[in-house]
Each structure stands twice: as structure tokens, then as C-alpha cells.
Amino acid sequence: MCIVPFKDGTPLADLDAPLLSKLCWRIIPLLWLGFAFNVINRSNIAFAQLEMGPELGLSQSDFGFAAGIFFCSYALMQLPSNMLVARVGARWVLSADLLLWGVISTATGFVRDAHSLSTLRFLLGLAQAGYFSGSLLFLRSWFPARYSAHAVAIFMTSGAAGTIVCSLSSGAIMSAADGLFGLGGWRWLFIVQGLPPIILSVLLPFLLPARPQHAAWLTRDEREQLLLAFEVGGEDEKLAVDLTSSLGTTLSRPETWLFLLQYFTLNTATYTVMLFLPTQVRPPPSSPSQTIILHHDPHPNIPCFSIIPPLSHHPIASAPSHRLRILTLPSLPMQLSQVFPALASWQIGLLNASPALLKILLAPRVAALADRHDGSRFAIAWGLFLTCGTMLLAAGGCMLTAPPPLVWLIPLALLAATLAEGCSVAVFWSIHHTRQPQSLAACSIALVNSFGNLGGFAGTYVLGYLHDALGASEGPSSSSTSPRSAAQGAGNVRDWGWGTVVIGLAFVCVTCATGASLQERRPGCASGYRRF
């Protein structure tokens, strides 16, 4: 027995595997590279701050404002940018984004004070706002919704790759170029990492065809097969370019609000997973510490905080305590070494990098599975959401009740949560594409992405509030600097247990509610299936 998808009594056209492979290799790599540069250019400020702060005389308030104002402009520009894509075409908007943020990032290497830094960070948010949602919109014009999950998953692995590259390259650039032509290493960091997107901006319009009709590398049969798949699937409508009418129509659809709510809580869970390790306990003198700059990164699967090296011998460490608002916390490797004391340093480092690496390996495979079994697409996405929420609940329960010998269950539960979340996002967007009309894609993608990322703020606020209100607070209030055992480390983690439980439970409840509502509202023949 096979399952054949139908629309209005007509079988949906299938795409050959060689054609899908050709589309992936021709369309995705340039977008993938651009988004990796996007992540690098937004995140490198955390590394530059080590030297930039003392040289420019920045207070932590100055730096926090500069880091945070990026998100304000990013959120403001989401919808206008996507409507511009609908009006003039994705290639030119994405190319302009790359050029503008490359120039702005390079110019950041020449800032002189807090005001110029904040201005450039605000402009960087405006320039980068349209790239992620514009890329999703461009991919939708090349991959029918039934085949979009795998393409989106491959594209989104660039976020994790960009984070890894930024972490590995930033320190090396600052050390190698420090003093070159009289400029500090942090200035060269912005200059060097700002050049690649400028180069890519010149190439992208000429290497990416606007639509399948303009692709010279498609044969006539392949082009007709692809266009037929869009036509039969009802995805050949033109994008709406009027902001007022498309916004009103999009907001009037209940599906829009359900996707908004689900993506909001998904990001709340995402950033909870990322922030579970921080406690308010300073590490012992013999243990490595890191400075975590808490700033929101407006994308899922990309850490919303930046980790920079120890500050004990840095000039900023001598600043008055009332001006230091950076939170010094036990490092992730140090926490892992407490849980797994028998592992060598290189094994701790590998374990530390494992979530991002596993997402890169697993997410495209899960998305490909959803594309192959289209009827199970919804079950896969919402099943992964429930797995993520359940693992958060399990991790929170272990934080509250696990005895010292079982503290290793906490990172394992959270690893499972972050993998489930990472593998679900691309499938989520493919479902969004099948449920929202093609004509409203520009507006809908921008709204869901912009509003959904506010969940990062909600998650971090709720987690911190419940930590202060319900935490055991024995560890955080302690001023002792004696070495702590794994058991004592687990006691400090316990303070974050209730916040993790509440967020996990809320995510499970919202997932059940949105899942039931979307299932009730699923189209009959539009995405129905007949059994043979």
C-alpha cells in the first residue's frame, strides 16, 4: 500500500532525486555562506570587547547598550525587508544586505567612542535583518513546500558552523594582527571578518538565478517538472507587495497566530537550554572561568550569549565593581569536568562542541525524512517539540532532586532537548509553508520570525526571575572560594531547576494546544492523502 498526495483530486507532481540534488548544490551554498558570515559579523563583538572596552573607555552599560540595540533595529526591519524582497526580488536585497553589513562591520574597526559603536550596531541590525527571512523566502521559490524541510535544514546548519568558526578564528585574528599598521587586534577582527560578505555580495546576483525560469543549468524537462510541482501544489501565486493589505490578511488567519505562539515558545525553550549552566557562584581560583555577555541573538540554534576568555589579568578586571555588569560564571568545560571528572581536556572540549556538531549532522537527515514521508511531517515536528519540552522537564527535575552520583543526567537531558529543538526548526518552517498561502509568504515569514524570537527574552527573564524567587540560593550567596566538588556544583545547578521545569511545562502545554488547533484546521483536499 502506498500513500499518494492529492490536491483537488489531482496527484501532486513528484520531483526526481537528481533534480533535488542539483537544486541543493546550485542554490543553497551561497545562501549558506552568507548566513555563516551573518552570524560571524554579529557575534564577533563579544571577542573584540576584551580589548575594545579598555581602549575606548567603555563601561559595561555602554557595551550592553551597543550589543542590545542590534536586536531593536533587527526586529524593526524584518517586515519591511521581506516586503522589499517581494517587490524587487530576493537576489538584489540579499546582495545589498551582504554589502551593507560587510561595510558596517569593517567600519566598526574604526570606531572611537561608545556613540559611534552603538550607531554602527544599530545599522548592522538594519542591514542583517532581511537575510534570514529573505533566504527562507528565496528557498520557497525554488523548493516546493513538500521538499523544503531538507533545504531549510541544510541552510540553517550555517548558523552553528558560523558560531564555531567565529569562536575559533576571532582569538587567532586578534593575536596575529595586534599592532599591525598601528591598529589593535580587535580593530583587525572587524576589518578582516567584514570583507568576506562584501566579496560575496558582488558574486551573489550573478551566480543565483531569480527563478527556475531563468536557470540556464536546468534542462527543459527539469524546469517543466519543477514548475508543474509548484502549479499543482498551488504555490505558483505571486507574492503580495502591498504591506497594509498583506499584513491585515496575514494577521486575520488563525494559523498565523498559532505559528507565532509555537515559534515564540520554541525560542523560549531554546534559550533556556543555552542558559541552564550559568549560576551565580564564582568558580574556584583553580578552575577556569568565562565571561558570559548576555545579549539576545535573534535566531534559534545560535547561542544567545557570547563566551570570552578569563578576565583576571585584563585591564577591565580592575574596574570598580559597581561598573562591572558582566556576569562571571563557571565555564561550560569546568561544569562538564565536574560531572565527568575522568575525561581528559580534549574530551571535555569535544563534549562542549558536541551539540552544534550533532545538529549539523542530524538536522538535515531528520528534515529529509519529513520530506520523504510528507504525511508524517506534522507528527515529526510536533513530536520533536514534545521531546524537547519533556527533556526540559526531566532536566529540571534532575536539578531539583538528583543525588550527586546522578548529576550526569542533567547535561544528557539538555543535550537531548537541544537536539530535538535543532532538528525540528526546518520541519516547522516547511509546515508553515504548506499552511500559509504563497502570496502571504513574505509577510508571514517575517512576522513569525520577528515575534517568535522575542521568546528568547521571555525565556531568559522567566529563568532568572524563578531562580531568584525559588532558588535554594545556598551556592550563589556563598563567598567561599574553596574548591567545590561535583556534588556542591550540582547543588548550585539546583537553583535553576524550577525555572527549567516551568518553561518545559509551558512549552509542552503550548505544543499540545497549537498541535491540536492546527490539526483541526488542516485543509481537507489541499494536503489530504488517499490510500491505495
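Refer to the structure above for everything that follows.
Residues numbered from 1 in each chain as written. Predicted model: local features only at pLDDT ≥ 70, side-chain atom pairs only at ≥ 80, totals over all residues. Heavy atoms only, no water.

Engineer: What should I look at first to understand the overall build of the protein in this one?
Structural biologist: For the protein, the helix and strand inventory stands at 19 helices and six strands. In the protein, which comprises 532 residues, the proportion classed as buried is 55%. Taking as baseline every contact in the protein between residues at least 6 positions apart, the subset at least 24 positions apart corresponds to 83%. (Helix = DSSP H or I, 4+ residues; strand = E, 2+ residues; numbered from the N terminus. Buried < 20%, exposed > 50% of the residue type's maximum accessible area, 1.4 Å probe, protein only. Contact = heavy atoms within 4.5 Å.)

Engineer: Would you mind going over the environment of L247 with me for this structure?
Structural biologist: Here L247 lies in helix α9 (residues 243–251). Spatially, the C-alpha atoms of L247 and C443 are 6.3 Å apart, while their sequence positions differ by 196 residues. In this structure, L247 is in contact with L79, C443 and L447, ignoring residues within four places of it in sequence.

Engineer: Please explain helix α14 (residues 409–435) as it appears in this structure.
Structural biologist: The α-helix winds at 3.6 residues per turn, so residues separated by three or four positions along the chain end up facing the same way. For α14, built from 27 residues, the straight-helix expectation of 39 Å at 1.5 Å per residue is met to within 8% by its first-to-last C-alpha distance of 38 Å. The largest bend along α14 reaches roughly 30 degrees and is located at V425. Taking burial as the measure, the 27 residues of α14 include 23 buried ones, the bulk of the element. (Expected span 1.5 Å × (residues − 1). Bend = angle between axes of the 7 residues up to and from the residue.)

Engineer: Honestly, the packing of helix α6 (residues 148–177) against helix α7 (residues 185–207) in this entry has me stumped. Any pointers?
Structural biologist: The axes of two packed helices give the description: the angle between them and the distance between them. Interaxial distance between α6 and α7 falls to 8 Å at its minimum, and their mutual angle equals 120 degrees. Of the possible angle classes, the one that applies to α6 and α7 is oblique. Classified by chirality, the crossing of α7 by α6 is right-handed. For the pair α6 and α7, contact is made by S169, S170, I173, M174 and A177 and by G185, W186, W188, L189, V192 and Q193, respectively. Residues of the contact of α6 with α7, tallied by class, amount to seven nonpolar, four polar and no charged. (Axes fitted to C-alpha atoms, helices over the stretch in contact; angles between N-to-C directions. Parallel < 35°, antiparallel > 145°, perpendicular 65-115°, else oblique. Left-handed = near helix turned anticlockwise from the far one by under 90°. Nonpolar A, V, L, I, M, F, W, Y, C, P; charged D, E, K, R; others polar.)

Engineer: How should the packing of aromatic side chains be read in this particular structure?
Structural biologist: Aromatic ring pairs are defined here through the distance separating the ring centres and the angle between the ring planes. Counted under the stated rule, the structure contains 19 aromatic pairs. Taking the centre distance of 6.4 Å and the plane angle of 50 degrees together, the rings of F138 and W142 count as tilted. On the basis of relative accessible area, F138 is assigned to the buried category, the value being 4%. A relative accessible area of 0% means that W142 is categorised as buried. (Phe/Tyr/Trp six-rings, centres within 6.5 Å; stacked < 30°, edge-to-face > 60°.)

Engineer: Can you walk me through α6 in this structure?
Structural biologist: Between its terminal C-alpha atoms α6 stretches 42 Å, which fits the 44 Å expected from 30 residues at 1.5 Å a residue. S169 marks where α6 bends most, by close to 30 degrees.

Engineer: It is not clear to me how the pattern of salt bridges should be interpreted in this structure. Could you clarify?
Structural biologist: Side chains bearing opposite charge may pair, as long as their charged atoms lie close to each other. Summed over all chains, the structure comprises six salt bridges. Close ionic contact of E222 with K22 constitutes a salt bridge, the shortest N to O distance being 2.9 Å. Here K22 lies in helix α1 (residues 17–43) and E222 lies in helix α8 (residues 220–232), a separation of 200 residues in the sequence. Relative accessible area serves as the criterion here: at 15%, E222 is assigned to the buried category. With relative accessibility at 24%, the residue K22 sits in the partly exposed group. E255 serves as the salt-bridge partner of R253, at 3.7 Å between the closest nitrogen and oxygen. Judged by relative accessible area, which is 9%, E255 ranks as buried. (Salt bridge = Lys/Arg side-chain N within 4 Å of Asp/Glu carboxyl O.)

Purely spatial values, then, with no claim about function.
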